[in-house]
Amino acid sequence: MYKRQHVGSSIDGTYEGEKHRTQIGSFVKIPDPDGYLVGAESFSLHLFVWVTTPHPRQGVVSRWNDRDAVGWALTLEDGYLTGLVGDGEETRTVRSDKRLFAETWYSVVLNIDCAVGRLSISQTAVGNSVNGRFGKIVPLDCDTSVVATLDVTPPMQDVPVVVAGFAESAGMPEWVIADFNGKIDSPKCFGAVLMDSEISQLAEGLMPTATLLAHWDFASGVEKTGIPSDDVTDVSGCELHGVCVNQPDRGMTGWNWTGSEENSVSYTHLRAHETR
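Rules used in this analysis
- Residues numbered from 1 in each chain as written.
- Predicted model: local features only at pLDDT ≥ 70, side-chain atom pairs only at ≥ 80, totals over all residues.
- Heavy atoms only, no water.
- 1 Å grid on protein atoms, 1.4 Å probe; cavity = no way out; pocket = protein on both sides within 12 Å on 5 of 7 lines; lining within 4 Å.
- Points joined across faces, edges and corners; volume = space filled by probe spheres on them.
- Helix = DSSP H or I, 4+ residues; strand = E, 2+ residues; numbered from the N terminus.
- Nonpolar A, V, L, I, M, F, W, Y, C, P; charged D, E, K, R; others polar.
- Buried < 20%, exposed > 50% of the residue type's maximum accessible area, 1.4 Å probe, protein only.
- Arc of directions from axis to C-beta.
- Contact = heavy atoms within 4.5 Å.
- Phe/Tyr/Trp six-rings, centres within 6.5 Å; stacked < 30°, edge-to-face > 60°.
- Lys NZ or Arg CZ within 6 Å of the ring centre and 35° of its normal.

A. Examining the layout of surface pockets more closely. Taken as a whole, the largest pocket encloses approximately 270 Å³ of empty space. Within the residue set of the lining of the largest pocket, elements represented by two or more residues are β7 (106–113), β8 (118–125), β9 (144–149) and α1 (196–203). For the lining of the largest pocket, the per-class residue count stands at eight nonpolar, six polar and three charged.

B. Expanded view of α1. Taken residue by residue, α1 has Glu198, Ile199, Leu202 and Ala203 as its buried positions. Down the axis of α1, the buried set is contained in an arc of 145°. They therefore lie on one face. Where the residues of α1 are buried, they touch β2 (43–51), β7, β8 and β13 (182–190). Downstream of α1 by one or two residues, glycine 205 has phi in the positive range, about 85°.

C. Unusual backbone geometry, seen in detail. Of note, the bond from methionine 172 into proline 173 is cis; its omega dihedral lies within 30 degrees of zero at -5°. Residue placement: proline 173 occurs in the loop between β11 (166–167) and β12 (176–177). Although it is not a glycine, aspartate 78 sits at a positive phi angle of roughly 55°. Mapped onto the secondary structure, aspartate 78 falls in the loop between β4 (70–77) and β5 (80–87). A positive phi angle, near 60°, is found at asparagine 246, a position not held by glycine.

D. Broad picture of the packing of aromatic side chains. Within the structure shown, the criterion is met by three aromatic pairs. Note on phenylalanine 43 and tryptophan 72: the rings are 5.1 Å apart at their centroids and 45° apart in plane angle, and the pair reads as tilted. Within this pair, whereas phenylalanine 43 is found in strand β2, its partner tryptophan 72 is found in strand β4, the two being separated by 29 residues in sequence. Judged on exposure class, the residue phenylalanine 43 and its partner tryptophan 72 are both buried. Sitting over the face of the ring of tryptophan 175, arginine 21 holds its NZ or CZ atom 4.4 Å from the ring centroid.

Structure below.
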């Protein structure tokens, strides 16, 4: 039992409320003030991806201003990987013709070729016996490659590269929306359109000879004693380093984990959540 009794004070009264927005979701933000990754010329993105909830709209990796539809983005739309390129007036889209299976690792490439006018997306399942929901004995019908026409060029704009979401608009404040649910491993950007042979190399964990613009290594900095900072290292030498926001999980198993050891220092993926 307790007694509730009002205690009068000088602050008694009615006041206007204000909306205070909170950034939800966990992601990585990479500043690109010089426009190194604008994608206005030959450009490609590769990463390994493992989704937990494929169907809501989600940003995977982007340099995209959603309000004005400017930039480029790899997204999930109703379970389908989708590539977007926009100039603020028109947007071109390429969409996979096969939905992703949940909790399954894929090697994914988005090619943006403004010179030739081609926008393409490819996905290849890279599951093994332990790294996902399905073992290799399950015949998954999910590998595909789709090509679309591209006749727009993304201009320079004031937005960061975002891993696991995309920017709501350009400028400040930098709100990130369409938060991703799942794992992302070893995202890379190249200053060239990747050929089929190079796409196959990447799916095997090999590095092609194409010019590397950025390679974010989520295992870099992970130590036996923990993770000392929120920094994400670009190991390409171009120094496009990023920072984790709202603590996405790190030091967890990646696409090439075989179950032969348990050593979080060697785990290479980042896991993001929309609700943090």
